[in-house]
Each structure stands twice: as structure tokens, then as C-alpha cells.
Amino acid sequence: RVHSFLGLDSSIGNFHLKQVNAKDDGNKVKEVLCSDQEKLDQIFDPLNEDLYRLLEENSGPPMEQRPFQKFVKRNCTVEDG
């Protein structure tokens, strides 16, 4: 269902993401800027609602979590200066 929703080929189901930027040198961004988070929310909130609706209206196998838990937004930080 999710592959179909995203318009993806179902044959890409088995893949692994490589871990990058694993070294902690003290310069990593710990929290996204609130202004950036708001821009991303404008794009992804409606898409996420579509996904939640799809998963609710089209029940899958019994081992799937129902209801699907909504994504939790991370803390953000206000821009300096």
C-alpha cells in the first residue's frame, strides 16, 4: 500500500541506508531552525494526513499497527542574531 501511495516500484522493498555523518565533532545541528520546520510542515503536513487517511481506510494485514501513530515533530530552535 505504501509503495503504491508513493508511486514506487514494489521491488525496491529491501534496501539499507548507509550511516553517514556519524562522527560527533561538536558541530552537528542538534535541532532544526523553527523557521525551517514551519516551511517543511507546510509541505509535509498535508501529505502526512493523506498517508494517515490511506492507512486508516485500507486495512492491511493483522500484524500492522492500527491505528498508525502520527509522526512526532522534533524540537526546533529559534535563529540566533
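Small disclaimer: the values here were computed from a predicted structure and weren't measured.

Examining the pattern of salt bridges
Counted according to the given criterion, the structure contains 5 salt bridges. Here D50 and R53 are joined by a salt bridge, their closest N and O atoms 2.7 Å apart. With D50 and R53 both in helix α2 (residues 34–57), this residue pair falls 3 residues apart, about one helical turn. Note on R53: relative accessible area 41%, which makes it partly exposed. With its nearest N and O atoms 3.4 Å apart, the salt bridge here joins E56 to R66.

Digging into the packing of aromatic side chains
Here the structure, examined in full by the defined rule, presents 3 aromatic pairs. Ring geometry for Y52 and F71: centres 5.8 Å apart, planes at 45°, overall tilted. Of the two residues, Y52 is situated in helix α2 and F71 in the loop between α2 and β2 (76–77); the sequence distance between them amounts to 19 residues. Take Y52: its relative accessible area is 11%, and that puts it in the buried class. For the pair F68 and F71, a centre-to-centre distance of 5.7 Å together with 80° between the ring planes defines the contact as edge-to-face. One aromatic cluster in this structure is built from Y52, F68 and F71.

Considerations on the confidence of the model for the chain
Across the chain, the average pLDDT comes to 81, with 83% of residues at or above 70. Of all helices and strands in the chain, the one with the weakest mean pLDDT is helix α1 (residues 2–6) (70), whereas α2 scores best (92).

Details of the side chain of D41
Examined against the element boundaries, D41 turns out to sit in helix α2. For D41, a relative accessible area of 17% translates into the label buried. Among the polar contacts listed, one links the side chain of D41 to the side chain of Q37, at a separation of 2.8 Å. With residues near it in sequence (within four places) discarded, D41 still touches P46 and K73.

Calculation rules
- Here, residues in each chain are numbered from 1, in the same order as that chain's written sequence.
- Per-residue local features of the predicted model are confined to residues with pLDDT of at least 70, and side-chain atom pairs are confined, for both listing and counting, to 80 or more; whole-chain, interface and lining totals are unaffected and use all residues.
- Note that the side-chain values use all heavy atoms of the structure and ignore hydrogens as well as water.
- The working definition used for a salt bridge is a side-chain nitrogen of Lys or Arg within 4 Å of a carboxyl oxygen of Asp or Glu.
- In DSSP terms, a helix is any run of H or I states spanning at least four residues, a strand is any run of E spanning at least two, and both are numbered starting from the N terminus.
- Only protein chains enter the accessibility calculation, which uses a 1.4 Å probe; a residue whose area is less than 20% of its type maximum is buried, one above 50% is exposed, and one in between is partly exposed.
- Within 6.5 Å between ring centres, the rings of Phe, Tyr and Trp (the latter by its six-membered ring) count as paired, and their orientation is classed by plane angle as stacked under 30 degrees, edge-to-face over 60, tilted in between.
- The quantity called pLDDT is the predictor's confidence in a given residue, expressed from 0 to 100.
- Any pair of N or O atoms that falls within 3.5 Å is considered a polar contact. Within protein, one atom must be able to donate a hydrogen and the other to accept it, and sequence-neighbouring residues count only if both atoms are side-chain atoms.
- Residues count as neighbours in contact if any of their non-hydrogen atoms are within 4.5 Å of one another.

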